[in-house]
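# Per-entry structural report
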Amino acid sequence: HKLVVYDTDAASLQRATAPGANAASSPADVASQADIVLVSLPTPNVVKAVALGDKGVSSGRKAKIFIDLSTTGPSVAVEVAKALEEKGIVAIDAPVSGGPAGADKGTLAVMVSGPKRLESELTPILSVIGKVFWVGERAGLGQTMKLCNNLLSATAITITSEALVMGTKAGLDPAVMLDVINAGSGRNTATADKFPRCVLPRKFDFGFATELLYKDVRLCLEEGERLGVPMIVGNAVRQLIGVAKAKLGGASDITQIVQPVEEGAGVEVKFGAQRKS
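These notes cover the structure that comes with them. (Residues numbered from 1 in each chain as written. Predicted model: local features only at pLDDT ≥ 70, side-chain atom pairs only at ≥ 80, totals over all residues. Heavy atoms only, no water.)

We now examine the overall build of the chain. Helix and strand counts for the chain stand at 12 helices and eight strands. Its C-alpha atoms give the chain a radius of gyration of 21 Å, near enough to 19 Å, the size a compact globule of 277 residues would have. With the C-alpha coordinates aligned to their principal axes, the bounding extent of the chain is approximately 70 × 45 × 35 Å. Out of the 277 residues in the chain, the part that is buried amounts to 44%. Restricting the contact set of the chain to residue pairs at least 6 apart, pairs at least 24 apart contribute 63%. (Helix = DSSP H or I, 4+ residues; strand = E, 2+ residues; numbered from the N terminus. Rg over C-alpha atoms; globule rule 2.2 N^0.38 Å. Buried < 20%, exposed > 50% of the residue type's maximum accessible area, 1.4 Å probe, protein only. Contact = heavy atoms within 4.5 Å.)

Structural data, given as structure tokens:
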């Protein structure tokens with residue numbers, strides 16, 4: 001595919017242009033050169049600014065399709081879709097899941113909502129980055145799917161933190177615990193990947209910021225409240241992530257969520273961990 005790219009970070013732009021993409025000077029410049037614009041951005045406000053703001057995609061002269069790979073929540077997806085429709089641009093929400101490793105390998109799950117008539121055109125393009133799931137036609141349904149997914153992922157890492165810290169405090173070897181859990185019914189994304197790869201070796205390098213996971217859970221709870229769905233466990237998950245964000249900073253890695261639990265218990269979940277007397 002012929003690509004034109006833009007990023008506010010010069011190093012990121014260089015990584016994209018090195019393999020052959022052409023650099024643009026703004027989102028509007030991208031949208032003046034490309035028929036289809038894909039964005040992957042950290043927060044809902046940034047998405048709105050890039051889509052609708054000064055020198056945003058809506059100011060472009062060529063783009064007809066806007067694909068948002070970010071996690072914004074359904075209300076922002078609907079707002080952006082309505083505003084872009086007035087400019088003759090079709091908005092597609094297509095949030096992704098699979099982490100940095102999935103992005104590198106092109107194995108992300110891509111949750112798409114938008115007009116079904118565009119499926120045959122867009123699926124081959126999105127298949128470059130992962131497995132494509134068309135979850136609905138209404139704007140925001142892809143975002144709702146992503147929020148449900150990320151609530152489960154966040155719950156896995158928070159509850160695994162508590163379980164592994166408890167077992168370590170009792171005298172169990174956390175590496176053995178993970179072997180047992182991953183052979184049984186407790187297996188989840190944190191026990192299968194994040195803890196053995198990032199926590200036990202104390203690397204804390206999964207590559208996703210705590211503040212972003214907190215944002216995703218917050219958006220999910222807000223949507224649950226709007227829909228009248230009780231989110232009791234979800235609120236507890238947000239509390240623990242919030243504690244980690246406050247103690248360690250928003251830029252901390254999500255695998256560091258275990259650290260406030262460790263601090264409270266007086267143990268560390270690591271290879272060769274021993275219960276403190």
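Along the chain, Gly-136 turns up in strand β8 (residues 130-136). The sequence separation of Gly-136 and Lys-116 amounts to 20 residues, and the corresponding C-alpha distance is 8.0 Å. Here Gly-136 is in contact with Val-112, Ser-113, Gly-114 and Leu-141, once residues within four sequence places are set aside.

So, about unusual backbone geometry. A positive phi angle is found at Lys-55, which is not glycine, with a value near 60 degrees. In the Ramachandran plot, Phe-204 falls in the positive-phi region, its phi being about 50 degrees despite a non-glycine side chain. Exposure remark for Phe-204: the relative accessible area of 14% places this residue in the buried category.

To continue, consider a nonpolar patch on the surface. A cluster of nonpolar side chains, contributed by Phe-133, Val-135 and Met-145, occupies part of the molecular surface with about 230 Å² of accessible area. Relative to the elements of secondary structure, Met-145 occurs in helix α7 (residues 141-170). (Patch = residues over 30% accessible without salt bridge, like charges linked within 9 Å, V, L, I, M, F, W, Y side chains within 5 Å. Areas by Shrake-Rupley, 256 points an atom, 1.4 Å probe, with all protein chains shown as cover. Salt bridge = Lys/Arg side-chain N within 4 Å of Asp/Glu carboxyl O.)

Let us now look at the environment of Cys-220. Examined against the element boundaries, Cys-220 turns out to sit in helix α10 (residues 210-227). Residues Cys-220 and Leu-151, spaced 69 residues apart in sequence, show a C-alpha to C-alpha distance of 7.0 Å. Setting aside chain neighbours within four positions, we find Cys-220 in contact with Leu-147, Cys-148, Leu-151 and Met-231.

Counting 33 residues, the largest nonpolar core has Phe-195, Ile-257 and Val-269 as the members making the most contacts within it. For this core, the secondary structure elements donating two or more residues are α7, α8 (174-182), α9 (189-199), α10, α11 (232-248) and α12 (258-265). A total of seven residues in this core trace back to one element, the largest contributor, which is α7. In this structure Phe-195 touches Ile-157, Thr-160, Ser-161, Leu-164, Leu-178, Ala-190, Leu-200, Pro-201, Val-258 and Val-269, once residues within four positions along its chain are discounted. Core analysis: the second largest hydrophobic core is formed by 18 residues, Val-39, Ala-51, Val-57 and Val-80 among them. (Core = buried A, V, L, I, M, F, W, Y, C linked by side-chain atoms within 4.5 Å.)

Limitation: the analysis is restricted to geometry and does not speak to function.
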